[in-house]
Amino acid sequence: MNNKNLKIKRFFKKIDVVNLFIHLFFIVISLAILYPFISMLSVSLLSEKELLQEGYSVWPKNPTGEAYEAVFKNFQPIAKALLTSLMVCVATTLLTVMLNAMYAYAVSRPTFSARRIINFVLLFTMFFGGGASASYIVNVSWLNLKNNLLILIVPGTMGAMSVIIIRSFFQGLPYGLVESAKLDGASEYQIFFQIMLPLSTPALGTIAISAFIGSWNSYYAPMMYFDYGKATTLSLYLQRLLQHMEQYKNSASLTGTLADVPSASMAMAVACITVLPMVLVFPWFQKYFVKGMAIGAVKA
Amino acid sequence: MKNLKKILALALSLLMVLPILAGCSAKNTPRADEPLGKDLTNEQKFAEHVTLTWCFPDARGAGDFTEWDRIVAAINEITEREINATINIEVIPLGEYTEKMSLKYAANERWDVAFCGTQWNPYSNAVSQKVLEPLTKEYLETYMPETMDTMNAKYFDALTIGGGLYGIPLQQIYVRQNGIRFEVDWFEELNVDWETIEATIDPNTPLESLEVFFEYLLMNNYNECFFGADDKLMENTSSFMGFDNLISTNFPGAIRVSDGTCTVINQYETEEFKYIASLMKKWHDAGYFSDAALNGGQANSYYELEYGESRHPVSLEPVVKPGGDAMASMKAQYGITIKTIPIGNAVLTTSSVAQTAMVVSRNAEYPGRALAFIELLNTNEELLNLICYGQEGVDWTWEDEENKVMNLDDSAYPGNEPFFVGNTFLSYYVDDSMIGCWEETKQINENAELSPLYGFTFDASSVRSQMAAINANLDAHLEPVLCGMGNGTVDDAIAELNQYLYDNGLQVILDEMQRQVNEWLASKQ
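Conventions we followed
Residues numbered from 1 in each chain as written. Chains lettered and ligands numbered in written order. Predicted model: local features only at pLDDT ≥ 70, side-chain atom pairs only at ≥ 80, totals over all residues. Helix = DSSP H or I, 4+ residues; strand = E, 2+ residues; numbered from the N terminus. Buried ≥ 20, exposed ≤ 12 C-beta atoms within 10 Å, placed from the backbone. Contact = placed C-beta atoms within 7 Å. Pairing = 2+ DSSP bridges. Axes fitted to C-alpha atoms, helices over the stretch in contact; angles between N-to-C directions. Arc of directions from axis to C-beta. Parallel < 35°, antiparallel > 145°, perpendicular 65-115°, else oblique. Nonpolar A, V, L, I, M, F, W, Y, C, P; charged D, E, K, R; others polar.

**As for the overall build of chain B**
Here is step 1 of the chain: Each helix and strand counted, chain B has 22 helices and 17 strands in total.
Here is step 2 of the chain: Looking at chain B as a whole, 47% of its 525 residues are labelled buried.
Here is step 3 of the chain: Intrachain contacts of chain B at a sequence separation of at least 6 include 78% that bridge at least 24 residues.

Printed below as a string of C-alpha cells:
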C-alpha cells in the first residue's frame, strides 16, 4: 500500500500539474482551430447525395473526388491562373521585403534628419486610406495600369506596419555595428546588404509571409482591374468558377451536364485548393513570423 | 515642426481627395457630330465606321467559352453590316457587374452601352450620378425608329426620372403576378391529374387550398419538405398581397395597388403580411417544410434528400409567365413538367419594367450609334439569338424551324439570358412547350393593370443612412418570420421585426417616401 502511494507521489512529482493543464488547454484550442479545416477537407470529399442525406461529417463514408474533378475539368485555365498567382506572389514578396527594408533602414538611422517627416507620411497612410474609388481613379485613369500585372504587385508593396516592424528590428541592433563597418570602410549599401539585412531575417521573414499570404488571397484587385479573360489569379478564378456554377444550376436552358455538379463539396474543394499552398509555405516561415510579430508589438 | 506636420497632413489629405475630384471632373470624350433627322438613310446615318464598348453582364459564363472569339466575330459581322460599328464586348461576370460599373462611373471610364436594372447596376443610382446620356426625342427617332414605332410609350414612363429618359426597357415579361408552381409528375405518380389540381385551388384562398395536397402527400409517406419555403417569400407573394414596393419586395415601404390614395405603408404591419406569416408558421409546425429553409434560404425537398436534386412538388413563383424559361429548364434538366397557377392580380409597376434596361454613357462619343446598337438588339433576331445561343449549325440546330424551336442538346456555348441582352420576344424557343408564349406574354403586358405609382421612382439619397441601418440586419430579422420559425407567436415575431425596423429609422424613410409620392402626384395633375 505504502509502495503504491509512493509511486503516485513520484508520478505527480514528475509532472508539473500546471503545465499539464496549460497543455490540455492548448490541445483543445488547437483542435477547435483544426476542426473547421478537417471538416472542409472531408466535405470536399463528400458526394452531393451523401451531403444532403447525412449532413456534414468529419469522416466521409464514401469519399469521392468528384468535386476536385469538377474543379480541374478545365486544367489549362486553372494552371494559367496558378502560374499568374505564383508570379504575382513572388514578385510582390520580393519587392515588399526590399522596399520596406530600405525605407525602414533609412528611418531607423538617428543621423537621418528628415526621418520624422518621412515617418509621418508613412503613419498617415495607416490612418487614412484612399478608398476604392480614389485608388481606382489613380490606378486606371492616371497610371493607366488596367489589365497590367503591375497593378497586383506595386500598390500593395509599401505598408506602414511592415516598415514599423523592420524599423524596430533595426533600431534594436547595436548602432556600433554600423559605425565599426564605416570605420572599416564599408559603403552604405554594403552596410545595408551585407550587415543589416542578414541580421534581420526574423523581421524580413514576417514581412515576407504577410506579403505572400496577402497577395495569394487577393481577390478584389484582380477582379476590379482586369477585364474578363485578360489575367486571373487562382483565388479569383476559383471564386468565379463557384459563381458560374451557381448560375449554371439556376439558369434557364441548361442542358444537363453541369446540373449534377456538387455545389457544397465543390465550394469546399475550392477552399482546400486555395489554402493548400499556404499550408505548405507557412511552416517554413513560422518561426520568423512569431518572432517578428513580437518585435513589432514590443518596440513599435 | 508642429506647423510642418500640420501642413504636411493637409497636403496629404488634399492629395487623397484630388483623384475623387478628378473623377468628378468633366474629362469627357469629345462628342462626334452625328447626323440627326427622321428621314435620313442608313448610309447617311452610319457613314463613319465606329467602335463601341458594350459592358456585357455575363450570367452564364459565355466569356469562359473557349470559342468566345468566334461568337464575337460573328456578332461584329452583323453590326458592321447593319450599323457600320465594331462592338468591343467587355465581359463582366454578373456577380461583379454592379461594383465594376460603379467604379467605371467614379473614374469617368470610357464605355458606350451597358445593361442597367433594378437588381444589377441600379438604373436610378446611375441617373442620380448623372453618368447616363439623356435620350432625346430627336436621337430616338433617328437611331431607334423601329423600337419607337413598335413599343408602347407607357413602358418608357417607367424609366423617366425627373422628366428625362435615360434608358430603353428590354422587352420581356413586365407584369408582376405571383403564382403557385406544381411539379406535375409528383402528383401524377399519386394519381392526381392537372385538372384535379386546378379544380382544387380556390381563387379566393389559393394558398390554403394547398393544404389538401400537403396532407395527401403526408398520407402517402412523403415525410417532409414538399413545400419549397424560402427567404424569397415576400417576392413570391408581394403582388398576391396587393403591394407595389417602393424600394424592393423585402424592404419596408409600399402602397396597396387597390388603394387609390397612394398611402405609403410598412407592409410588415399589415393584415396581409400577418396572414402570410401565420400560414407559414402553421405549415412549418405541421411539417410541410423543415428548418432547413433557413440554411441557404431554401428547404431541401424530400426529393432532394433522396436523389440529390433540388425539387419541390409545390412552391411559389415571383412571376408567372407563359411558357416560361424555368419550365423549359426543368424539362431539359430533369425531364419533368411544371405548371403554374397565377394568384392575385397582374400589375405593371415601375420596377417591373425598369428591372432590365439598356443605357448609353454620357461619355459616349457616338450616342446615336450606341442607340442604333440597342435598336439592333431589340429588332435583329439573328443577332439576339447569336449572343444568347450561339451560331446556327454550330452551337444549335433547328428542332422545328417553322415554329422557331431550337435544339440545344449538343451545345457547349453557355450563352446568356435574353433579358440581359435585348428583346426576349425575338429569342427562339428552347422547348416546344413554349411555342406561342411570347405573343401571349406581350398581351399580358398590354392588358395589365397599372399600379397607381406607375412611373414613380423613389429617390433614396436623403435616407441612405437609415436604409443602411435597416439593411444591416434585415435578413436575420425577416427570414425566421418568413420561414415560420419566429420566436413565440406570429404576433410576437412580427412585433419583434417591426421593433427592429422602427429602432433603425423606418419612420423617417416612410415619411420621406410619402413626401415624394405626394410631390409626384401633385406634379402629375
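Now, onward.
**Some words on unusual backbone geometry**
Residues and elements named next belong to chain A.
Here is step 1 of the chain: A positive phi angle, near 55 degrees, is found at N144, a position not held by glycine.
Here is step 2 of the chain: Among the structural elements, N144 can be located in the loop between α7 (131-142) and α8 (150-153).
Here is step 3 of the chain: By C-beta crowding, N144 is classed as exposed, having 10 other C-beta atoms within 10 Å.
Here is step 4 of the chain: Although it is not a glycine, N147 adopts a positive phi angle of roughly 60 degrees.
Here is step 5 of the chain: Mapped onto the secondary structure, N147 falls in the loop between α7 and α8.

**So, the sheet that holds strand β6 (residues 167-169) of chain B**
All names here are of chain B.
Here is step 1 of the chain: Ordered in space as β2-β1-β3-β14-β6, the five strands form an open sheet in which the pairing is mixed. In this open sheet, the two edge strands, each paired with only one partner strand, are β2 (85-93) and β6. Within this sheet the neighbouring strands show an average axis-to-axis angle of 30 degrees, counted without direction.
Here is step 2 of the chain: As paired elements, strand β3 (residues 113-117) and strand β14 (residues 356-360) share five bridges and run antiparallel to each other. In the strand pairing of β14, A114 is matched with V359.
Here is step 3 of the chain: Relative to β2, helix α4 (residues 94-107) is tilted by about 110 degrees, and along the sheet it contacts β1 (50-58), β2 and β3.
Here is step 4 of the chain: The strands that helix α17 (residues 367-379) touches are β1, β2, β3, β6 and β14; relative to β14, the one it contacts most, it runs at about 155 degrees.

**Overview of helix α19 (residues 437-447) of chain B**
Residues and elements named next belong to chain B.
Here is step 1 of the chain: When we look at burial in α19, the residues that qualify are C437, W438, T441 and N445. Along the axis of α19, the buried positions cluster into a sector of 100 degrees, meaning they face one direction only. In α19, the exposed positions that point more than 90 degrees away from the buried face belong to E439, Q443, E446 and N447.

**Topic: the packing of helix α9 (residues 160-172) of chain A against helix α12 (residues 201-217) of chain A**
Residue and element names in this part refer to chain A.
Here is step 1 of the chain: The interhelical angle for the contact between α9 and α12, taken along N-to-C directions, is 170 degrees, at an axis separation of 9 Å. On the basis of their axis angle, the class for α9 and α12 is roughly antiparallel. Facing α9, whose interface residues are S162, I165, I166 and F169, α12 presents A203, T206, I207 and S210.
Here is step 2 of the chain: In terms of residue class, the contact of α9 with α12 is built from five nonpolar, three polar and no charged.

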